[in-house]
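Observations on the three-dimensional arrangement
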Amino acid sequence: MTTATILAQVILFCWFFGCICTYKFGKYILVDGMGIKSAEFVMLCLFSIGCITFWAVPFLGKWLLLGVLLFWFIVQFFCHWYYTIFGASEKKLKGYNDCFKNTVRLIPASEIRLIPDLYHMILHLLILLNIGLIICNLFV
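What this report covers is the structure whose coordinates are included nearby. Here the structure is a predicted model, which means the values were calculated and not measured.

With that settled, consider the nonpolar core. In terms of nonpolar packing, the biggest core is built from 24 residues, with Leu12, Phe16, Phe47, Leu69, Trp72, Tyr119 and Leu123 touching the most fellow members. Those elements that provide at least two residues to this core are helix H1 (3-16), strand E2 (28-31), helix H2 (39-56), helix H3 (58-86) and helix H5 (118-138). Counting residues per element, this core draws most heavily on H5, which supplies seven residues. Those residues within four positions of Leu12 in sequence are excluded, and the remaining contacts are Phe47, Leu69, Trp72, Leu123, Leu126, Ile127 and Asn130.

Listed below in structure tokens is the structure:
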């Protein structure tokens, strides 16, 4: 295990915790927390179990954590980027834009394409970074 891998896991955990408890800075909402009775909390628990296993039993933990991260990325892809790339129905687009209307955005919301907010863009990059680091750890 490298320090970079552990640091990336901690950063991802802290970043994703915002889906449970709202991260707000003044009038800016980075992410609205959904609480512990949410799918996001289940994903946080799976990620936590994967990380603990990674630290406690590295050989098994590498594979378990990689599986959790790949699953998480696939879910995120089909919740966000699939609709960005291939388009979304008017109902999906309206629902998505309404759900994330108060969050910080690098790219403004669109009436044509689903555009993830800043929080989700960084979340997806952190998931990919962790996947890459775990893959590198498989060969160590």
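A separate point is the side chain of Lys62. The topology assignment puts Lys62 in helix H3. Glu40 provides the closest opposite charge to the buried, salt-bridge-free Lys62, at an N-O distance of 31 Å. Separated by 2.7 Å, the side chain of Lys62 and the backbone oxygen of Asn137 make a polar contact. Every residue in contact with Lys62, bar those within four places of it in the chain, is listed here: Phe54, Ile134, Asn137, Leu138 and Val140.

What follows concerns a nonpolar patch on the surface. Judged by side-chain polarity, Ile74, Phe78, Tyr82, Ile85 and Phe86 come together as a nonpolar surface patch covering roughly 510 Å² of accessible area. By secondary structure assignment, the location of Phe78 is in helix H3.

Turning our eyes to something else, we now look at the packing of aromatic side chains. Across all of its chains, the model carries nine aromatic pairs by this definition. Considering the side-chain rings of Phe78 and Tyr82, the 5.6 Å spacing of their centres and the 40° angle between planes classify their relative orientation as tilted. One end of the pair, Phe78, and the other, Tyr82, are both in helix H3, four residues apart, so they sit about a helical turn from each other. Taking the relative accessible area as the measure of exposure, Phe78 reaches 46% and is therefore partly exposed. Between Tyr82 and Tyr83, the aromatic rings sit 5.3 Å apart at their centres with planes inclined by 90°, giving edge-to-face as the arrangement.

Once that is clear, we can look at the packing of H1 against H5. Taken N-terminus to C-terminus, the directions of H1 and H5 make an angle of 155°; their axes are 10 Å apart at the nearest point. What the angle tells us is that H1 and H5 run roughly antiparallel. The element H1 and its partner H5 pack so that their crossing is left-handed. Only Tyr119, Ile122, Leu123, Leu126, Ile127, Leu129, Asn130, Leu133, Ile134 and Asn137 of H5 make contact with H1, whose side of the interface consists of Ala4, Thr5, Ala8, Gln9, Ile11, Leu12, Trp15 and Phe16. Class assignment for the residues of the contact of H1 with H5 results in 14 nonpolar, four polar and no charged.

Rules used throughout
- Residues numbered from 1 in each chain as written.
- Predicted model: local features only at pLDDT ≥ 70, side-chain atom pairs only at ≥ 80, totals over all residues.
- Heavy atoms only, no water.
- Core = buried A, V, L, I, M, F, W, Y, C linked by side-chain atoms within 4.5 Å.
- Buried < 20%, exposed > 50% of the residue type's maximum accessible area, 1.4 Å probe, protein only.
- Helix = DSSP H or I, 4+ residues; strand = E, 2+ residues; numbered from the N terminus.
- Contact = heavy atoms within 4.5 Å.
- Lys, Arg positive; Asp, Glu negative; His and termini not counted.
- Salt bridge = Lys/Arg side-chain N within 4 Å of Asp/Glu carboxyl O.
- Polar contact = N/O pair within 3.5 Å; in protein donor to acceptor, adjacent residues only side chain to side chain.
- Patch = residues over 30% accessible without salt bridge, like charges linked within 9 Å, V, L, I, M, F, W, Y side chains within 5 Å.
- Areas by Shrake-Rupley, 256 points an atom, 1.4 Å probe, with all protein chains shown as cover.
- Phe/Tyr/Trp six-rings, centres within 6.5 Å; stacked < 30°, edge-to-face > 60°.
- Axes fitted to C-alpha atoms, helices over the stretch in contact; angles between N-to-C directions.
- Parallel < 35°, antiparallel > 145°, perpendicular 65-115°, else oblique.
- Left-handed = near helix turned anticlockwise from the far one by under 90°.
- Nonpolar A, V, L, I, M, F, W, Y, C, P; charged D, E, K, R; others polar.

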